[in-house]
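Single-letter residue listing:
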Amino acid sequence: MFRATIKNLSIILIALLSSCSSSTEKSEVEDVPQKIVSISGATTEVLCVLGLQKEIVGVDVTSTYPETIAALPRVGHNRNMSSEAIIALKPTMVVGTDENVKPELIEQLKSAHIHVMLFSLQQSVEGSKQLIKMMADSLGKTESAQVVINAIDDDLKQKVQLALKPKVLFIYARGAGTMMVAGNNTPANTMIQLAGGENAVNDFEDFKPLTPESLLKANPDVILMFTSGLESLGGMEGLLKVPGVAMTNAGKNKQVIEMDGQLLTGFGPRVGKAIVQLSTKLNELKTN
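Residues numbered from 1 in each chain as written. Predicted model: local features only at pLDDT ≥ 70, side-chain atom pairs only at ≥ 80, totals over all residues. Heavy atoms only, no water.

### Some remarks on the packing of aromatic side chains
Basically, it comes down to this: Pairing of aromatic side chains here covers Phe, Tyr and the six-membered ring of Trp, requires ring centres within 6.5 Å, and sorts the geometry by plane angle: under 30 degrees stacked, over 60 edge-to-face, intermediate tilted. Numbering of helices and strands runs from the N terminus; a helix is a DSSP stretch of H or I covering at least four residues, while a strand is a stretch of E covering at least two. Burial classes follow relative accessibility: with a 1.4 Å probe on protein chains only, a residue under 20% of its type's maximum area counts as buried, one over 50% as exposed, and anything between as partly exposed. The criterion is that NZ of a Lys, or CZ of an Arg, lies within 6 Å of the ring centre and within 35 degrees of the ring normal, and then a charge sits over that ring.
Summed over the entire model, instances satisfying the criterion amount to two aromatic pairs. On the numbers, 6.2 Å between centres and 85° between planes, the contact of tyrosine 172 with phenylalanine 226 is edge-to-face. With tyrosine 172 in strand S5 (residues 167-173) and phenylalanine 226 in strand S9 (residues 222-226), the pair connects residues that are 54 residues apart, well separated along the chain. The class for tyrosine 172 is partly exposed, based on a relative accessible area of 29%. Through a chain of ring-to-ring contacts, the aromatic side chains of Phe170, Tyr172 and Phe226 assemble into a single cluster. Taking NZ or CZ as reference, arginine 270 lies 3.7 Å from the ring centre of tyrosine 65, over its face.

Here it is, written out as structure tokens:
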């Protein structure tokens, strides 16, 4: 009987130890609430679609969607962002893309014991999907990633197939004093092509200042702008007063498309919607 009792006690002890072990393992994998500062509009959108919006305590100026994000503190733009503004929010984590983030900012945040997660974002549909997958894997939301990716594919099914490729000129404006046109290897160029259009200027990389000569040479069928950029010029009337614009096919026919900047060139989870919207607008316009 003594041996039987010892055996029973051993079984009970093993069961108790197993229970404690399972409990410990479970607590280690359970989601721990974070205080996140997002320094990219794209990563902000991904965080939200992955169900982490409540954990965001601050964002950069490019984070404009969803609209409820507007109530959060702003920490600046990634090109001139200060660590003080971020550290003041006492985050446990900073999430963003690696584009234009200064190395010294990263070092300052790490010195403050803040976990920094920066992801690469290629300007393509596949790049958007990869960002979603990488963030989901890193944040313990792997199962949610495929749902978001499937939604992008569903959106793209609504893309309008254009009969002809209109020549589209993207103009970035912050008032009449700051106007640039987008060449190759720019987000705007990529979106124009994905929507079925042709960039009216393709003989240079990045951006160049807008000039009357370059406008007449490009002679676009359509001018594409951020809504904020067109507003900074005083709308359509102000745009037509810019030297050279009224002499282009786009100016003569008043063929101008305006879109939200973050939607058009953010390459976040709404990339499919952006392509559909641009292709639809291009299809609705008359071109020479």
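### Remarks on unusual backbone geometry
Most peptide bonds adopt trans geometry, and most residues besides glycine take a negative phi value. The residue after tyrosine 65, namely proline 66, is reached through a cis peptide bond having omega -5°. Tracing the backbone through its elements, the reader meets proline 66 in the loop between strand S2 (56-59) and helix H3 (83-87). A positive phi angle, close to 40°, is found at asparagine 219, a residue other than glycine. By relative accessible area, asparagine 219 is classed as partly exposed at 24%.

### Examining the pattern of salt bridges
The condition that has to hold: Salt bridges are defined as contacts in which a side-chain nitrogen from Lys or Arg sits within 4 Å of a carboxyl oxygen from Asp or Glu.
The full count for this structure, using the stated rule, is seven salt bridges. Between aspartate 155 and lysine 273 there is a salt bridge whose closest N-O contact spans 3.1 Å. With aspartate 155 in helix H6 (residues 142-156) and lysine 273 in helix H13 (residues 271-284), the pair connects residues that are 118 residues apart, well separated along the chain. A relative accessible area of 45% places lysine 273 in the partly exposed class. Among the salt bridges present, the one from glutamate 237 reaches lysine 241, with a minimum N-O distance of 3.8 Å. Take glutamate 237: its relative accessible area is 56%, and that puts it in the exposed class. For lysine 241, a relative accessible area of 63% translates into the label exposed.

### Side note on the packing of helix H7 (residues 187-194) against H13
This is how the line gets drawn: To obtain each axis, a line is fitted to C-alpha atoms, and for helices this fit is confined to the stretch in contact; angles are then taken between N-to-C directions over 0 to 180 degrees. Orientation is classified from the angle alone, with under 35 degrees giving roughly parallel, over 145 giving roughly antiparallel, 65 to 115 giving roughly perpendicular, and any other angle giving oblique. Crossing handedness is defined as follows: a turn of the near helix away from the far one that is anticlockwise and smaller than a right angle gives a left-handed crossing, while the clockwise case is right-handed. Two residues form a contact once any of their heavy atoms are found within 4.5 Å. Only Asp, Glu, Lys and Arg are considered charged in this grouping, and only Ala, Val, Leu, Ile, Met, Phe, Trp, Tyr, Cys and Pro are considered nonpolar; every other residue, Gly among them, is considered polar.
Packing of H7 against H13 leaves a shortest axis separation of 9 Å and a crossing angle of 65°. Classified by the angle between their axes, H7 and H13 sit roughly perpendicular to one another. Here the hand of the crossing between H7 and H13 comes out right-handed. Listed contacts from H13 to Met191, Ile192 and Leu194 of H7 are Ala274, Ile275 and Leu278. Of the residues assigned to the contact of H7 with H13, the class counts are six nonpolar, no polar and no charged.

### Examining helix H5 (residues 125-138)
Side chains three or four residues apart in an α-helix point the same way, a direct result of the helix having 3.6 residues per turn. Note the threshold: In this scheme, a helix's expected span is set at 1.5 Å multiplied by one less than its residue total.
Taking 1.5 Å per residue as the helical rise, H5 with its 14 residues ought to reach 20 Å, and the 20 Å between its terminal C-alpha atoms agrees with that figure. Turning to H5, its buried residues are Val125, Gly127, Ser128, Lys129, Leu131, Ile132, Met135 and Ala136. The inward-facing, buried residues of H5 contact helix H2 (41-49), strand S3 (93-97), strand S4 (115-119), H6, H7 and H13. Positive backbone phi, at 75°, marks glycine 140, one or two positions downstream of H5.

### What to know about the sheet that holds strand S1 (residues 36-38)
Note the cut-off: Note on pairing: DSSP must find at least two bridges between two strands before they are called paired.
Taken in spatial order, the four strands line up as S2-S1-S3-S4 in an open sheet, and their pairing is parallel. Lying at the two open borders of the sheet, with one neighbouring strand each, are S2 and S4. This sheet shows a mean twist of 20° between the axes of neighbouring strands, independent of strand direction. Where S3 lies against S4, five bridges are found, and the strand directions are parallel. The residue bridging threonine 97 from the neighbouring strand is phenylalanine 119, located in S4. With respect to the sheet, H5 is in contact with S3 and S4, its orientation differing from that of S4 by roughly 155°.

### Some remarks on H13
The end-to-end C-alpha separation of H13 is 20 Å, in line with the 20 Å expected for 14 residues at 1.5 Å each. Residues of H13 that are buried: Val271, Gly272, Ala274, Ile275, Val276, Leu278, Ser279 and Leu282.

### What about the nonpolar core?
Test applied: By nonpolar core we mean a set of buried residues, namely Ala, Val, Leu, Ile, Met, Phe, Trp, Tyr and Cys, connected to one another through side-chain atoms within 4.5 Å.
Judged by nonpolar contacts, the single largest core of 45 residues is most densely connected at Met135, Phe170, Leu224, Leu264, Leu278 and Leu282. Beyond its immediate chain neighbours, meaning those up to four positions away, leucine 224 contacts Val168, Leu169, Phe170, Ile171, Ile192, Ile257, Leu264 and Leu278. In terms of nonpolar packing, the next biggest core, distinct from the first, is built from 20 residues, Ala173, Met179, Leu210 and Leu239 among them.

### A look at the confidence of the model for the protein
Counted only if it meets this: Per residue, pLDDT captures the predictor's confidence, and it can take any value from 0 to 100.
Taken residue by residue, the protein gives an average pLDDT of 89. The fraction at 70 or more is 88%. Within the model, the stretch residues 1-30 combines pLDDT values under 50 with zero contacts to residues more than four positions away or in other chains.

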